[in-house]
Amino acid sequence: MIKNGRLLYHLTALENLASILQHGLKPRCDLNNDEFNDVADGEILDSRANHSLDNFVPFHFLLKTHLIIVFNVLIQRKILF
């Protein structure tokens, strides 16, 4: 399935998982800053708000997003995890 690109990805901090399982995914505008551990890039958030996308939950359709590539490099260098 991964090779076929038929998966959706949502990036979040592991600490948010319990709340997501209990309440579901919610758009950022429906959350208070103290309700979740924020891992989003500020520039991306600003761009999403400028395009009125902050009312939606972001998903990624590609396995190789920039953030995943960075995480893989950090893991390989034993900087992360």
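Residues numbered from 1 in each chain as written. Predicted model: local features only at pLDDT ≥ 70, side-chain atom pairs only at ≥ 80, totals over all residues. Heavy atoms only, no water.

**Details of the overall build of the protein**
So the rule is basically this: A run of DSSP states H or I qualifies as a helix once it reaches four residues; a run of E qualifies as a strand once it reaches two. Both are numbered from the N-terminal end. Any residue under 20% of the maximum accessible area for its type is buried, any over 50% is exposed, and the rest in between are partly exposed; the area is computed with a 1.4 Å probe on protein chains only. Accessible surface is estimated by sampling points in the Shrake-Rupley manner with a 1.4 Å probe; for residues, cover comes only from the protein chains shown.
What the protein contains, in helices and strands, is 3 helices and 0 strands. Starting at the N terminus, the α and β elements of the protein follow one another as α-α-α. Taken over 81 residues, the protein has a buried fraction of 10%. When the accessible surface of the protein is summed, it comes to about 7,000 Å², and 57% of that surface belongs to carbon and sulfur atoms.

**Focus: the pattern of salt bridges**
The condition is simple: Salt bridges, as used here, are contacts in which a Lys or Arg side-chain nitrogen is within 4 Å of a carboxyl oxygen on Asp or Glu.
Inspection of every chain in the model, using the stated rule, returns 1 salt bridge. We note a salt bridge from Arg 28 to Asp 38, for which the minimum N-O separation is 3.0 Å. Residue Arg 28 is found in the loop between α1 (17-23) and α2 (42-50), and its partner Asp 38 is found in the loop between α1 and α2; the two are separated by 10 residues along the sequence.

**What about the layout of surface pockets?**
Any empty space left between atoms is shown by rolling a water-sized probe over those atoms. Which entries qualify depends on this criterion: With a 1 Å grid laid over protein atoms only, a set of points is called a cavity when a 1.4 Å probe fits there but cannot get out and a pocket when it is open yet has protein on both sides within 12 Å along at least five of seven lines; lining residues have an atom within 4 Å of a point. Grid points are joined across faces, edges and corners, and a volume is the space filled by probe spheres set on the points.
A volume near 850 Å³ is recorded for the largest pocket. Taken together, 33 residues form the lining of the largest pocket, with His 10, Leu 11, Arg 28, Ala 40 and Pro 58 sitting closest to its centre. At the level of secondary structure, the elements contributing two or more residues to the lining of the largest pocket comprise α1, α2 and α3 (66-76). Per element, the largest residue contribution to the lining of the largest pocket is 4 residues, and it comes from α2.

**Observations regarding unusual backbone geometry**
Residue Ser 52 is not a glycine yet carries a positive backbone phi of 55 degrees. When you line up the elements, Ser 52 lands in the loop between α2 and α3.

**Section: a nonpolar patch on the surface**
To be explicit about the condition: Each patch groups residues whose relative accessible area exceeds 30% and which form no salt bridge, using 9 Å between like charges and 5 Å between nonpolar side chains of Val, Leu, Ile, Met, Phe, Trp and Tyr.
Together, Leu 8, Leu 25, Phe 59 and Phe 61 make up a nonpolar patch on the protein surface, roughly 400 Å² of accessible area in all. The residue Leu 8 is located in the segment before α1 in this model.

**A word on the environment of Leu 45**
The following threshold applies: Whether two residues touch is decided by their heavy atoms; if any such pair falls within 4.5 Å, the residues are in contact.
Along the polypeptide, Leu 45 turns up in helix α2. On a C-alpha basis, the gap between Leu 45 and Arg 28 in space is 9.4 Å, while along the polypeptide they are 17 residues apart. Beyond its immediate sequence surroundings of up to four residues, Leu 45 is in contact with Arg 28, Asp 38 and Ala 40.

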